[in-house]
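Here's the letter readout for the chains.
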Amino acid sequence: MTTSLKQVLTLNQYLLQSGLGHSIEQQRDLAIIVGQIQLACKMIASAVNRAALESLLGEAGIENCQGEAVKKLDVLANQAFIDALTKSGIVSAIASEEESKPIFIETLPGTTQNYVVYFDPLDGSSNIDANVSIGSIFGIAKQVTPQDQTPNDADILQPGRNLLASGYALYGAATMLVLTFGRGVNGFTLDSSLGEFVLTHPNINTKPLGKIYSINEGNGHFWEGATKHYVDGVKNNSYSLRYVGSMVADVHRTLLYGGIFMYPGDSRTPTGKLRYLYEVSPLSFVLEQAGGASSDGRTRALDILPTSIHMRVPCFMGSRLNVEALNNSFTQMDENRLPHHPPSS
């Protein structure tokens with residue numbers, strides 16, 4: 001509970017006072033969009049906190065466009081983001097994990113709608129019923145087609161380097177909103193007594209090298225040789241394994257404590273599981289702005305060119321030196337200095 005407002009800087013105040021590294025007009029627009037996103041996140045945080053009391057746990061009885069079981073909270077969170085962004089008056093297109101196609105928003109009279117927002121409304125939803133930390137991920141880019149033209153798929157399929165802002169909300173012991181506008185990373189914690197996100201983690205910088213690795217080792221038998229080589233190396237160097245299974249929670253810990261988060265491709269799923277536009281790209285922008293790095297093992301994540309809204313890519317992100325060492329393993333494998341697949345056990 002906040003007992004004094006002297007040292008408090010709310011997210012709304014931050015958005016109005018900070019330069020955000022953009023023009024005055026763009027700063028205003030980003031403030032509006034992030035203001036709507038924080039509203040959606042507050043609604044989701046409230047629903048998550050009361051899920052067991054209001055029968056919001058469990059599955060909704062449907063599957064999303066990717067064949068995944070949809071939780072009741074997935075439906076609520078997705079609609080919260082759609083409603084909030086549609087009402088912003090400046091967003092022209094949105095791409096959600098829960099929607100098979102992009103949603104192009106009808107232009108409102110007297111408005112200029114030329115921003116694209118990507119989001120995973122509730123990452124880690126398979127952990128909802130176990131009361132494990134989950135989150136929301138989002139990224140904001142400018143429409144690439146002229147303002148007077150209807151947006152199309154080219155506006156959606158942009159590389160991460162085009163992002164103007166990105167971030168995530170974490171619903172755990174406290175609700176946090178971590179943001180970057182391309183000039184560093186800041187974290188805000190929801191103060192329930194004020195109903196406001198308050199700056200609690202200014203200028204977050206991840207360690208250049210960390211001793212924590214995060215990966216689902218249950219899939220180790222299927223990994224490529226480069227992944228196995230790297231993981232064996234860090235285990236031999238007494239790294240600690242930490243894996244929650246909610247990407248936002250694992251990446252948040254990696255951001256604060258250093259190390260590397262990995263969701264690789266393997267012999268069953270060569271492109272991995274994580275979606276580029278609304279998971280890998282936004283979180284890679286955050287990690288890079290905090291001094292970290294992110295790649296698919298060969299290519300900088302923010303330089304990957306998406307070819308479809310739900311395109312999946314391998315993902316390795318975290319401390320810069322950890323990711324560089326991982327990338328070196330892939331270089332060795334590509335040069336046939338490492339086996340492409342580990343020997344069968």
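Values in this document were obtained by computation on a predicted structure and should not be read as measured data.

All right, on to the nonpolar core then. Within the largest apolar cluster, 41 residues are counted, with the highest numbers of intra-cluster contacts made by Leu-11, Ile-33, Ile-37, Leu-85, Val-117 and Ile-140. Of all the secondary-structure elements, those providing two or more residues to this core are helix 1 (11-17), helix 2 (24-49), helix 3 (72-86), strand 3 (91-96), strand 5 (115-123), strand 6 (134-142), strand 7 (163-171) and strand 8 (175-180). Tallying contributions element by element places helix 2 first for this core, with ten residues. Residue contacts for Ile-33: discarding those within four places in its chain leaves Leu-85, Ile-90, Val-91, Tyr-115, Val-117 and Ile-140. Within the second largest apolar cluster, 39 residues are counted, among which are Ile-156, Tyr-168, Tyr-276 and Leu-277.

What follows deals with the packing of helix 5 (residues 225-236) against helix 8 (residues 320-334). Each packed pair of helices is defined by two parameters, the angle between the axes and the distance between the axes. Taken N-terminus to C-terminus, the directions of helix 5 and helix 8 make an angle of 135°; their axes are 8 Å apart at the nearest point. Taken together, helix 5 and helix 8 sit at an angle that is classed as oblique. Here the hand of the crossing between helix 5 and helix 8 comes out right-handed. In contact with Gly-225, Ala-226, Thr-227, His-229 and Tyr-230 of helix 5, helix 8 contributes Asn-322, Ala-325, Leu-326, Ser-329, Phe-330, Gln-332 and Met-333. Residue composition of the contact of helix 5 with helix 8, grouped by class: six nonpolar, six polar and no charged.

The buried fraction of helix 6 (residues 247-257) amounts to nine of the eleven residues, a majority that puts the element mostly inside the structure. Residues of helix 6 that are buried include every one of Met-247, Val-248, Ala-249, Asp-250, Val-251, His-252, Arg-253, Thr-254 and Leu-255, and no others.

For helix 7 (residues 276-289), a buried count of twelve out of 14 residues is recorded, marking the element as mostly surrounded by other parts of the structure. Listed in full, the buried residues belonging to helix 7 are Tyr-276, Leu-277, Tyr-278, Glu-279, Val-280, Ser-281, Pro-282, Leu-283, Ser-284, Phe-285, Val-286 and Leu-287. Gly-291 occupies a position one or two residues after helix 7 and carries a positive phi of about 95°.

Take the pattern of salt bridges next. Applying the stated criterion to the full structure yields 13 salt bridges. Between Glu-217 and Lys-235 there is a salt bridge; the shortest N-O distance is 3.3 Å. Separated by 18 residues along the polypeptide, Glu-217 in the loop between strand 11 (212-214) and helix 5 and Lys-235 in helix 5 bring together distant segments of the chain. Assessed through its relative accessible area of 40%, Lys-235 is described here as partly exposed. Here Arg-300 ties to Glu-288 by a salt bridge, and the two come within 2.8 Å at their closest N and O atoms. One end of the pair, Arg-300, is in the loop between strand 14 (293-295) and strand 15 (315-318); the other, Glu-288, is in helix 7, with twelve residues separating them in the sequence. We classify Arg-300 as partly exposed; its relative accessible area is 35%. Overlapping salt bridges, with partners in common, bring together Arg-161, Glu-288, Arg-300 and Asp-303 in one network.

Moving on to the pairing of strand 9 (residues 185-191). Of all seven residues in strand 9, six are buried; the element is thus mostly enclosed. Relative to strand 9, strand 8 is paired through five bridges, and the arrangement is antiparallel. If you follow Val-178 over to strand 9, its bridge partner there is Gly-187. Remark: four residues form the turn of the hairpin made by strand 8 and strand 9, two consecutive strands paired antiparallel; Gly-182 in that turn has positive phi of roughly 85°.

As a further point, take the pairing of strand 5. Across the nine residues that make up strand 5, a large majority, nine, are buried. Note: strand 3 against strand 5, five bridges, orientation parallel. Its bridge partner being in strand 5, Ala-95 is matched across the sheet by Tyr-118. Here strand 5 runs beside strand 6; their pairing, made up of seven bridges, is antiparallel. In the sheet register, Phe-119 faces strand 6, and the bridge partner there is Phe-138.

Here we come to the environment of Met-43. Looking at where Met-43 falls in the secondary structure, it is placed in helix 2. For the pair Met-43 and Ala-77, spaced 34 residues apart in sequence, the C-alpha to C-alpha distance is 8.1 Å.

Turning our attention to the side chain of Thr-206. Following the sequence through the fold, Thr-206 ends up in the loop between strand 10 (196-201) and strand 11. Here Thr-254 takes part through its backbone oxygen, which lies 3.3 Å from a polar atom of the side chain of Thr-206. Polar side-chain contacts of Thr-206 include one of 3.0 Å to the backbone oxygen of Leu-255. Residues within four places of Thr-206 in sequence aside, it is in contact with Thr-254, Leu-255, Gly-258, Ala-290, Gly-291, Gly-292 and Ser-319.

Rules used throughout
- Residues numbered from 1 in each chain as written.
- Predicted model: local features only at pLDDT ≥ 70, side-chain atom pairs only at ≥ 80, totals over all residues.
- Heavy atoms only, no water.
- Core = buried A, V, L, I, M, F, W, Y, C linked by side-chain atoms within 4.5 Å.
- Buried < 20%, exposed > 50% of the residue type's maximum accessible area, 1.4 Å probe, protein only.
- Helix = DSSP H or I, 4+ residues; strand = E, 2+ residues; numbered from the N terminus.
- Contact = heavy atoms within 4.5 Å.
- Axes fitted to C-alpha atoms, helices over the stretch in contact; angles between N-to-C directions.
- Parallel < 35°, antiparallel > 145°, perpendicular 65-115°, else oblique.
- Left-handed = near helix turned anticlockwise from the far one by under 90°.
- Nonpolar A, V, L, I, M, F, W, Y, C, P; charged D, E, K, R; others polar.
- Salt bridge = Lys/Arg side-chain N within 4 Å of Asp/Glu carboxyl O.
- Pairing = 2+ DSSP bridges.
- Polar contact = N/O pair within 3.5 Å; in protein donor to acceptor, adjacent residues only side chain to side chain.

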